[in-house]
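# Coordinate inspection notes
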Amino acid sequence: MLNPRKGDMYKFIKYTWNPIKGKCLHDCSYCYMKQMNPNANPPRLAEYELTTDLENGNKIFIGSSTDMFAENIPPEWITRVLDYCNEKNNTDKPNTYLLQSKNPKRFLEFINHPIMKHVVFCTTIETNRFYPEIMNNAPKIEERVEAMEEIAKQGFPLLVTAEPLMQFDLEEMVALIKRCNPKWVNIGRNSCRSITLPEPTREEVQQLVSELKEFTKVNVKDNALIWTK
């Protein structure tokens, strides 16, 4: 079913929809779904979700509860979801879909699917560093950036989310994000306060925002306003 946006979700999103469910391969320590359901079942395609009324003219985040482009998700499942979106899309008032993944190279496997002309692609760059005890099985930042560069070359709209923003090196962080050529960048703070992350200082975040605004739009989420006020 379509779920109305709530909490710290992107404000341009109206609904979230999760036809693929279960434990995310990436196992990031700060994942809110991991805290909500630490004993989640393995991934599965929920067949009943493929009867959902997607309506029309909506902005829908597909896969907000698990990364449906992780390496362990069968391509047949992803194709079924994309086919359903395309089948139900209203040509006069089409939906816009947000696909977000820490494994964006898999976007490229499906880049020629007809629904992709209605998609905004997003990846997470929460730092330029790699914290293995926090990111666990997630792809390295450089791998994410390389894939987003290729998608950008093909003319698709992209955004980057730096959430939860962690300690970073300014020059390297800005360069990585710039390579993605994002339409805008989202800045967010760790919302799982039971997990302690290496966070930047207020001054460091303000400098990052200033640098990013030189080439793209920046949205600071409500949970991160403490850094920018």
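Residues numbered from 1 in each chain as written. Predicted model: local features only at pLDDT ≥ 70, side-chain atom pairs only at ≥ 80, totals over all residues. Heavy atoms only, no water.

## Notes on the environment of Ile-20
- Structurally, the position occupied by Ile-20 is in strand β3 (residues 20-21).
- Owing to a relative accessible area of 1%, Ile-20 belongs among the buried residues under this scheme.
- Taking the C-alpha atoms as reference points, Ile-20 and Asn-39, 19 residues apart in sequence, are found 16 Å from one another.
- Each residue touching Ile-20, except ones within four places of it in the same chain, is listed here: Arg-44, Leu-45, Ser-65, Thr-66, Met-68, Ile-73, Trp-77, Ile-78 and Val-81. (Helix = DSSP H or I, 4+ residues; strand = E, 2+ residues; numbered from the N terminus. Buried < 20%, exposed > 50% of the residue type's maximum accessible area, 1.4 Å probe, protein only. Contact = heavy atoms within 4.5 Å.)

## Focus: the nonpolar core
- Among the nonpolar cores identified, the biggest contains 62 residues, and Trp-17, Ile-62, Leu-99, Met-116, Phe-121, Leu-165 and Ile-187 are the most heavily contacted of them.
- Other than its neighbours up to four places away in sequence, Ile-187 contacts Ala-162, Leu-165, Val-205, Leu-208, Val-209, Leu-212, Val-218, Asn-219, Val-220, Lys-221 and Ala-224.
- In terms of nonpolar packing, the next biggest core, distinct from the first, is built from eight residues, Leu-98, Val-120, Cys-122 and Leu-159 among them. (Core = buried A, V, L, I, M, F, W, Y, C linked by side-chain atoms within 4.5 Å.)

## As for the sheet that holds strand β9 (residues 184-187)
- The eight strands lie next to each other as β1-β2-β5-β6-β7-β8-β9-β10, forming an open sheet whose pairing is mixed. Each edge of the open sheet carries a strand with a single partner, namely β1 (3-4) and β10 (217-220).
- As paired elements, β1 and strand β2 (residues 15-17) share two bridges and run antiparallel to each other. Residue Asn-3 lies in a different strand from β2, and its bridge partner there is Thr-16.
- On top of the sheet, helix α6 (residues 202-212) reaches β9 and β10; it is set at about 170° to β9, its chief contact. (Pairing = 2+ DSSP bridges. Axes fitted to C-alpha atoms, helices over the stretch in contact; angles between N-to-C directions.)

## Concerning the packing of aromatic side chains
- Evaluated as defined, the whole model comprises nine aromatic pairs.
- When the ring of Trp-17 is compared with that of Tyr-84, the centres are 6.0 Å apart and the planes differ by 40°; the resulting orientation is tilted. Of this pair, Trp-17 sits in strand β2 while Tyr-84 is found in helix α2 (residues 75-88), placing the two residues 67 residues apart along the sequence. The two residues Trp-17 and Tyr-84 agree in class, both being buried.
- Aromatic ring contacts, followed pair by pair, group Phe-69, Phe-107, Phe-110, Phe-121 and Phe-156 into a single cluster.
- A cation sits over an aromatic face here: Lys-140 above Phe-130, 4.5 Å from the ring centre.
- Cation over ring: Lys-221 sits above Tyr-10, and NZ or CZ is 5.4 Å from the ring centre. (Phe/Tyr/Trp six-rings, centres within 6.5 Å; stacked < 30°, edge-to-face > 60°. Lys NZ or Arg CZ within 6 Å of the ring centre and 35° of its normal.)

## Points about α2
- For α2, with 14 residues, the first-to-last C-alpha span of 20 Å sits near the 20 Å given by 1.5 Å per residue.
- As for α2, its buried residues are in contact with β2, β3, β4 (44-45), β5 (59-62) and β6 (96-100). (Expected span 1.5 Å × (residues − 1).)

On their own, these measurements won't tell you what the molecule is for.
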